[in-house]
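# Structure assessment
The primary structure of each chain is shown beneath.
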Amino acid sequence: MAKQAVLIINGPNLDQLGTREPEIYGHMSLADIEAMCHERAAENNISINFMQSNAEDAIIAAIHNARQDGTKAIIINAAAFTHTSVAIRDAMQMFDGIRIEVHLSNVFAREAFRHHSYLADIANGVICGFGANSYRLAIDAVGNILQSKD
Ligand code: DQA
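Below you will find a few notes about this structure. As the structure is a computational prediction, the values presented were derived from the model and not from experiment.

Taken together, the neighbourhood of the ligand is formed by Arg-20, Tyr-25, Asn-77, Ala-79, Ala-80, His-83, His-103, Leu-104, Ser-105, Val-107 and Arg-114. At a separation of 2.8 Å, an oxygen atom of the ligand approaches a polar side-chain atom of Asn-77. A total of 320 Å² of accessible area belongs to the ligand in isolation, and the protein chains cover 99% of it. Taking a 2 Å distance to the grid points as the criterion, the majority of the atoms of the ligand fall inside the largest pocket. Considered class by class, the residues forming the shell around the ligand number five nonpolar, four polar and two charged.

The element strand E3 (residues 73-77) is extensively covered by neighbouring structure, given that five of its five residues are classed as buried. With five bridges connecting them, strand E1 (residues 4-10) and E3 associate as parallel partners. From the neighbouring strand, Ile-8 faces E3, where its bridge partner is Ile-75. Relative to strand E4 (residues 98-103), E3 runs parallel, the two being bridged by four bridges. Bridge assignment links Ala-73 to a residue of E4, and that residue is Ile-98. With helix H4 (residues 86-94) bridging E3 and its parallel neighbour E4, the resulting β-α-β unit is right-handed.

Turning to the sheet that holds strand E5 (residues 125-128), a few remarks are in order. Pairing in this open sheet of five strands is parallel, and the strands run E2-E1-E3-E4-E5 from one edge to the other. Either end of the sheet is taken by a strand with one partner, and the two such strands are strand E2 (46-52) and E5. Pairs of neighbouring strands in the sheet enclose a mean axial angle of 20 degrees, with direction left out of account. Seen against the sheet, helix H5 (residues 133-149) touches E1, E2, E3, E4 and E5 and runs at an angle of roughly 165 degrees to E4.

Time to look at the environment of Gln-52. Position of Gln-52 relative to the elements: it lies in strand E2. The exposure class of Gln-52 is partly exposed, given its relative accessible area of 24%. Residues Gln-52 and Ile-9, 43 residues apart in the sequence, show an inter-C-alpha distance of 5.9 Å. Not counting residues within four places of it along the chain, the set of residues in contact with Gln-52 comprises Asn-10, Gly-11, Pro-12, Asn-13, Leu-14, Asp-15 and Leu-30. Of note is the side chain of Gln-52, whose polar atom sits 3.1 Å from the backbone oxygen of Gly-11. Within the structure, Gln-52 has its side chain in polar contact with the side chain of Asn-54 (distance 2.9 Å).

Conventions used here
By convention here, each chain's residues receive numbers from 1 onward along its written sequence. Per-residue local features of the predicted model are confined to residues with pLDDT of at least 70, and side-chain atom pairs are confined, for both listing and counting, to 80 or more; whole-chain, interface and lining totals are unaffected and use all residues. The side-chain figures draw on all heavy atoms in the structure; neither hydrogens nor water molecules are used. If even one non-hydrogen atom of a residue comes within 4 Å of a molecule or strand, that residue is called near it. Counting of polar contacts relies on pairs of N or O atoms within 3.5 Å, with two restrictions inside protein: one atom must be capable of donating a hydrogen and the other of accepting it, and residues adjacent in sequence are counted only when both atoms are side-chain atoms. Only the protein chains shown count as covering a residue, and every accessible area follows the Shrake-Rupley method with a 1.4 Å probe. Put simply, the grid is 1 Å and covers the protein atoms alone, a cavity is a trapped set of points that fit a 1.4 Å probe, a pocket is an open set with protein on both sides within 12 Å along at least five of seven lines, and lining residues have an atom within 4 Å of a point. More than half of a molecule's atoms lying within 2 Å of a cavity's or pocket's grid points is what places that molecule inside it. Lys, Arg, Asp and Glu make up the charged group, whereas Ala, Val, Leu, Ile, Met, Phe, Trp, Tyr, Cys and Pro make up the nonpolar group; the residues left over, Gly among them, are polar. Burial classification: accessible surface area is computed with a 1.4 Å probe over protein chains only, and a residue below 20% of its type maximum counts as buried, one above 50% as exposed, and the rest as partly exposed. Here a strand is any run of E in DSSP of at least two residues, a helix any run of H or I of at least four, and the numbering for each starts at the N terminus. Paired strands, in this sense, are two strands between which DSSP finds at least two bridges. The handedness rule is simple: strands pointing away from the viewer, and a clockwise path from the first strand over the helix to the second, make the crossover right-handed. Comment: axis = line fitted to C-alpha atoms, over the contacting stretch for helices; angle = value between 0 and 180 degrees taken between N-to-C directions. When checking whether two residues touch, look at their non-hydrogen atoms; a contact exists if any pair is within 4.5 Å.

Below is the structure:
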């Protein structure tokens, strides 16, 4: 069976992981997380496309592209844009596939402004608070949903 394509989007400041507030976000770099995601994806017969941008327009363009190229699911850590961006929400809403929101930290245990997400109510599910493992859990969730659709 051909591998199903999944896009993993990382928003602003996540390129600084490893040295960015490690007490909150852990010690893994984004490259470490990407390698971990590729490993887990292979176990789920999924191929992943992993991107990071600090710019809202690049994230929106990637979502638009995913609408055209056969991508089955988007896993998104929109970082701070989670709490601010109606534009990313609108783009995600146009995407017809599976949508999973992830965060490294438990945003609900943090400042009140992080408790609201523009993406949560249009997502299949939200995974937060498990550090880099949130990504692994999200890949497993996508794998389960895709399998149940077979
Ligand atoms: C984050 C949580 C956001 O509130 C924050 O702005 C981030 C990272 C997380 O993965 O825990 O940049 O999305």
